[in-house]
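Understanding the architecture of this molecule
Below, each chain spelled out in residue letters.
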Amino acid sequence: MDGGCSGDMAAEFGDEPHVLAVDDNLIDRKLVEKLLKNSSCKVTTAENGLRALEYLGLASDKRNALDGTVSKVNLIITDYCMPGMTGYELLKKIKESSVLREVPVVIMSSENVPTRISQCLQEGAQMFMLKPLKQSDVKRLECYLMRCRS
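Conventions and cut-offs
- Residues numbered from 1 in each chain as written.
- Predicted model: local features only at pLDDT ≥ 70, side-chain atom pairs only at ≥ 80, totals over all residues.
- Heavy atoms only, no water.
- Salt bridge = Lys/Arg side-chain N within 4 Å of Asp/Glu carboxyl O.
- Buried < 20%, exposed > 50% of the residue type's maximum accessible area, 1.4 Å probe, protein only.
- Helix = DSSP H or I, 4+ residues; strand = E, 2+ residues; numbered from the N terminus.
- Lys, Arg positive; Asp, Glu negative; His and termini not counted.
- Contact = heavy atoms within 4.5 Å.
- Core = buried A, V, L, I, M, F, W, Y, C linked by side-chain atoms within 4.5 Å.
- pLDDT = per-residue confidence, 0-100.
- Arc of directions from axis to C-beta.

Applying the stated criterion across every chain, the model contains 10 salt bridges. We note a salt bridge from Arg 51 to Glu 47, for which the minimum N-O separation is 3.0 Å. Residue Arg 51 is classed as partly exposed on the basis of its relative accessible area of 42%. Look at the salt bridges and you will find they share partners, linking Asp 23, Asp 28, Asp 79 and Lys 131 into a network.

As a further point, take the side chain of Lys 95. Mapping Lys 95 onto the fold places it in helix 4 (residues 87-96). As a buried residue without a salt bridge, Lys 95 has its nearest oppositely charged side chain in Glu 102, at a separation of 6.7 Å. With residues up to four places along the chain from it excluded, the contact list for Lys 95 reads Arg 101, Val 103, Val 105, Glu 123, Gly 124 and Gln 126.

Judged by nonpolar contacts, the single largest core of 24 residues is most densely connected at Leu 20, Val 22, Leu 56, Ile 76, Ile 107 and Cys 120. Sorting the residues of this core by element identifies strand 1 (18-22), helix 3 (49-56), helix 4, strand 4 (105-109) and helix 5 (114-122) as the ones contributing at least two each. Listed in part, the 16 residues of the second largest apolar core include Leu 36, Cys 41, Ile 77 and Met 127.

Our focus in this paragraph is the confidence of the model for the protein chain. Here the protein chain averages 84 in pLDDT, and 79% of its residues register 70 or above. Note that residues 1-13 has pLDDT below 50 and, in this model, 25 contacts with residues that lie over four places away or in other chains. Residue range residues 62-68 is modelled with pLDDT below 50. Its contacts to residues more than four positions away, or to other chains, number 7 contacts.

This next bit is on helix 4. Three or more residues of helix 4 are buried, namely Gly 87, Tyr 88, Leu 90, Leu 91, Ile 94 and Lys 95. Within helix 4, the buried residues cover an arc of 160° as seen down the axis, which keeps them to one side. For helix 4, the elements touching its buried residues are strand 1, helix 3, strand 3 (75-79), strand 4 and helix 5.

Quick look at the structure:
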C-alpha cells in the first residue's frame, strides 16, 4: 500500500472493503479487479447486470430479498454499456431496492457522453469514470468509500 487512503480504508472496515465489479468485457473486468485488489479490496466480479442482480439477491425470482440472502458489498462498480442490461438499468434496480439503495454505485464507460453521465448521476450514481481505469481512479474510489462509511 502506497499512501492514499488504502491503509485507513482497510482499518475502517476492520477487513477489506468488498467491491462488486460488473463488466461484460473480460479484459476490462480483470483490470478493474487487479486495480481494486492492489488497493486492498475484496473483489467479486460479474459478467453482466443479471449476474450482478443474482449475486446481490435481487434476481427477478427473488423480488423480496429481505430474508438475509442479500450479499454484503460496500461498493458496486459497473460498466455502462453491456448486453441485456445496461449499467444504468442495473443502477436503477439497485436504487429501487430498500436493502441496497445506500450502497454506492460507480458507473464506468469508454464513451464520454455528457447526457449519459448526468442521467446516471441523477439516478443516484456516486461517480462516473472513464475507461480504462487507472490506479489513480481507484484511489479516488477508496477515499470516497471511506467518507461514505465514516
